[in-house]
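Examining the three-dimensional arrangement
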Amino acid sequence: MKLLKQSILVTIVLTVLTGVLYPLIVTAIAQVAFKDQANGSLIQKNGQIVGSEFLAQQFTGDKYFWPRPSAGGYATVPSGASNLGPTSQKLSDAVATNAAAFRAAHKLPADAPVPADMVFASGSGLDPHISPAAARLQVGRVAAARGIGEEQVRTLTEKFIEPPQWGFLGESRVNVLRLNLALDDISTKEAEGSIPVKG
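Residues numbered from 1 in each chain as written. Predicted model: local features only at pLDDT ≥ 70, side-chain atom pairs only at ≥ 80, totals over all residues. Heavy atoms only, no water.

What follows concerns the packing of aromatic side chains. The full count for this structure, using the stated rule, is 1 aromatic pair. When the ring centre of Trp 66 is taken as origin, the NZ or CZ atom of Arg 141, which lies over that ring, is 3.8 Å away. Taking NZ or CZ as reference, Arg 146 lies 5.0 Å from the ring centre of Tyr 64, over its face. (Phe/Tyr/Trp six-rings, centres within 6.5 Å; stacked < 30°, edge-to-face > 60°. Lys NZ or Arg CZ within 6 Å of the ring centre and 35° of its normal.)

Moving on, we come to the environment of Ala 121. Here Ala 121 lies in the loop between helix 3 (89-105) and strand 3 (129-130). Residue Ala 121 is classed as partly exposed on the basis of its relative accessible area of 36%. A C-alpha to C-alpha distance of 9.2 Å links Ala 121 and Gly 80, two positions 41 residues apart in sequence. If sequence neighbours within four positions are ignored, Ala 121 has contacts with Arg 68, Pro 69, Ser 70 and Ala 71. (Helix = DSSP H or I, 4+ residues; strand = E, 2+ residues; numbered from the N terminus. Buried < 20%, exposed > 50% of the residue type's maximum accessible area, 1.4 Å probe, protein only. Contact = heavy atoms within 4.5 Å.)

Residue Asn 46 is not a glycine yet carries a positive backbone phi of 55 degrees. Residue placement: Asn 46 occurs in the loop between strand 1 (42-45) and strand 2 (48-52). One non-glycine residue with positive phi stands out, namely Tyr 74, at about 65 degrees. Tracing the backbone through its elements, the reader meets Tyr 74 in the loop between strand 2 and helix 3. The class of Tyr 74 is buried, set by a relative accessible area of 18%.

Another point: the pairing of strand 1. Where strand 1 lies against strand 2, 4 bridges are found, and the strand directions are antiparallel. When the sheet's bridge partners are listed, Lys 45 is paired in strand 2 with Gln 48. (Pairing = 2+ DSSP bridges.)

For Asn 180, the position within the fold is in helix 6 (residues 176-191). With residues near it in sequence (within four places) discarded, Asn 180 still touches Phe 59, Tyr 64, Phe 65 and Arg 146.

Moving on: helix 4 (residues 132-146). Helix length check: helix 4 (15 residues) gives 20 Å between terminal C-alpha atoms against 21 Å at 1.5 Å per residue, within 8%. Along helix 4, the largest kink reaches about 40 degrees and is centred on Val 139. When helix 4 is considered as a whole, its buried residues turn out to be Pro 132, Ala 134, Ala 135, Gln 138, Val 139, Arg 141, Val 142, Ala 143 and Arg 146. Phi turns positive one or two residues past the end of helix 4, at Gly 147, with a value near 70 degrees. (Expected span 1.5 Å × (residues − 1). Bend = angle between axes of the 7 residues up to and from the residue.)

Laid out in structure tokens, this is it:
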């Protein structure tokens, strides 16, 4: 009986410590020290939440930069990789299809190399970034669709290139959602007459 009481007491104490106090303390610290990150790194525009800087969104129109392909359709719940191996014919066909579509949309030669991030889905299916090379190849299409100068779009793209984390982790990258929102801001200003339209 004594052992049973001790076991019940230990269970209650550990439940309170690890199931209540610890989560509350960690949540409080996160809200104070890393409030934006703790709340999902949400991006707002005109007072409305339009997404998270760490979750990809599907952009298909010519006037937007395109993100990486997603094996989960950019949905957060079924997110994940395709789990197809290097010998998979399905993976080979998907890569060939993605490469052909990218070349056609950007008027590239049939044998032109395409950045890997434009043909392979990421491990999560929700990678919000693309490589600078992939972004630069899309400049002409986006500029033509929006009726603004390529140099203007190129300058904006270069501005949104993020360096490797802490200077040495990972590669340089471009956040697609942030770049597309900045493009929409430019288009709004042009409509208001504050930026000269390509002509």
